[in-house]
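Structural characterization, general
Residue strings, one per chain:
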Amino acid sequence: MRVLTSLKSPLNELFLFELEDGSRIEAVFYRGDTLCVSTQVGCPVRCGFCASGKEGLIRNLSWKEIYGQYELVKGRRPIKRIAVAGIGEPLANWESVKEAFWRFKGEGLKVSFYTTGFPLSNLRELISFPHAGVSVSVHSLDEKLRRKIMPFAGSLSRLLEFLRGEIPRLTKKKRRKLSLAYLLMEGINDGYEELERLARLASELGLSVHLLFYNDALGFATLSQEGYQRAIAFLKEKGIRITLSNRFRKDKLGGCGTLVANRLI
Ligand code: SF4
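Residues numbered from 1 in each chain as written. Predicted model: local features only at pLDDT ≥ 70, side-chain atom pairs only at ≥ 80, totals over all residues.

With respect to the sheet that holds strand E1 (residues 2-8)
Within a beta sheet, neighbouring strands are joined by backbone hydrogen bonds and run either parallel or antiparallel to one another. On the basis of which strands lie adjacent, the open sheet formed by 10 strands has the order E1-E2-E3-E4-E7-E8-E9-E10-E11-E12 and mixed pairing. The open sheet terminates on both sides in strands that have one partner only, identified here as E1 and strand E12 (242-244). Each strand of the sheet is rotated relative to its neighbour by a mean of 25°, with strand direction disregarded. Across 6 bridges, the pairing between E1 and strand E2 (residues 13-18) is antiparallel. Pairing of Lys 8 across the sheet is with Glu 13, part of E2. (Pairing = 2+ DSSP bridges. Helix = DSSP H or I, 4+ residues; strand = E, 2+ residues; numbered from the N terminus. Axes fitted to C-alpha atoms, helices over the stretch in contact; angles between N-to-C directions.)

As for the environment of Ile 87
Checked against the element boundaries, Ile 87 lands in the loop between strand E7 (81-84) and helix H2 (94-106). In this structure, the C-alpha to C-alpha distance between Ile 87 and Ser 38, residues 49 residues apart in sequence, is 4.5 Å.

Examining the site of the ligand
In the region of the ligand, 13 residues are neighbours, and Cys 43, Val 45, Cys 47, Cys 50 and Gly 53 sit closest. Its residues assigned to classes, the shell around the ligand comprises 6 nonpolar, 5 polar and 2 charged. (Near = placed C-beta within 6 Å. Nonpolar A, V, L, I, M, F, W, Y, C, P; charged D, E, K, R; others polar.)

A few points about the nonpolar core
Counting residues in hydrophobic clusters, the biggest one holds 73 residues, and the most contacted among them are Tyr 182 and Leu 184. Ranked by residues supplied to this core, first place goes to strand E10 (residues 178-184) with 6 residues. Once you skip the residues sitting within four places of it in the chain, Leu 184 turns out to touch Asn 189, Asp 190, Leu 211, Leu 212, Phe 213, Tyr 214, Leu 223, Gly 227, Tyr 228 and Ala 231. (Core = buried A, V, L, I, M, F, W, Y, C linked by C-beta atoms within 7 Å. Buried ≥ 20, exposed ≤ 12 C-beta atoms within 10 Å, placed from the backbone. Contact = placed C-beta atoms within 7 Å.)

What about the environment of Phe 162?
Mapped onto the fold, Phe 162 is located in helix H5 (residues 156-166). When near neighbours in sequence (up to four residues on either side) are disregarded, Phe 162 contacts Leu 120 and Leu 123.

Observations concerning the confidence of the model for the protein
For the protein, mean pLDDT is 89; residues scoring 70 or higher make up 91% of the total. With pLDDT under 50 throughout, residues 252-265 is counted as low confidence; its partners more than four residues away or in other chains account for 49 contacts. (pLDDT = per-residue confidence, 0-100.)

Written out as structure tokens, the structure is:
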């Protein structure tokens, strides 16, 4: 495994790795202290907005390949946090992700996750871990629309049933580290009816919402600054705690769905 190249933008630095079998994966260094790592080559969830999942799953990464992304960048950049939020669904490669997680913890790193939630048994184990944050991607609370946006994600109703059952059992401290991730796409899931459902769920579960700004990688949709601000104001008015997309997330090389295994270099 080696670093093939790195691309710098004003906010982020993207590292492209070549694995022993010639596969390529990416990691992004952002915020001056965080490395976002990949867990699979391709992704089985195949979200319509995501360049990384376009071709589906090619293969799982071994724990060494997940940890290796950190090892290859750590001498070059000051990494204090790991975001398991790059290419792949971490719960779908759980054994390798778990091993890499404990290795990261052994280095004193804070580790946070983005996941679509399945298998639920793995999500149950993950939320019991000493993680620094788990964000569950919902993106829509309408089963039909969600299936359109995330065709191979697990069932929304099963996910919600799980969250309703598990969250009340968590300590307050653990609950505060969980959030719902919602990627805003103009004309798709940013209507008031959709946002109202999101607000209701967040308030019922007592979770904050991580509101992501769509970073147009595939021409799937766009989002204006005004649309983003409108959604923020709407949710704030409902009393929902919101974490916003950091500046890096709006950057071409840093947003959800912009990591592509075969970027032309
Ligand atoms: S957004 Fe995440 S879960 Fe969806 S296809 Fe891309 S990498 Fe997979």
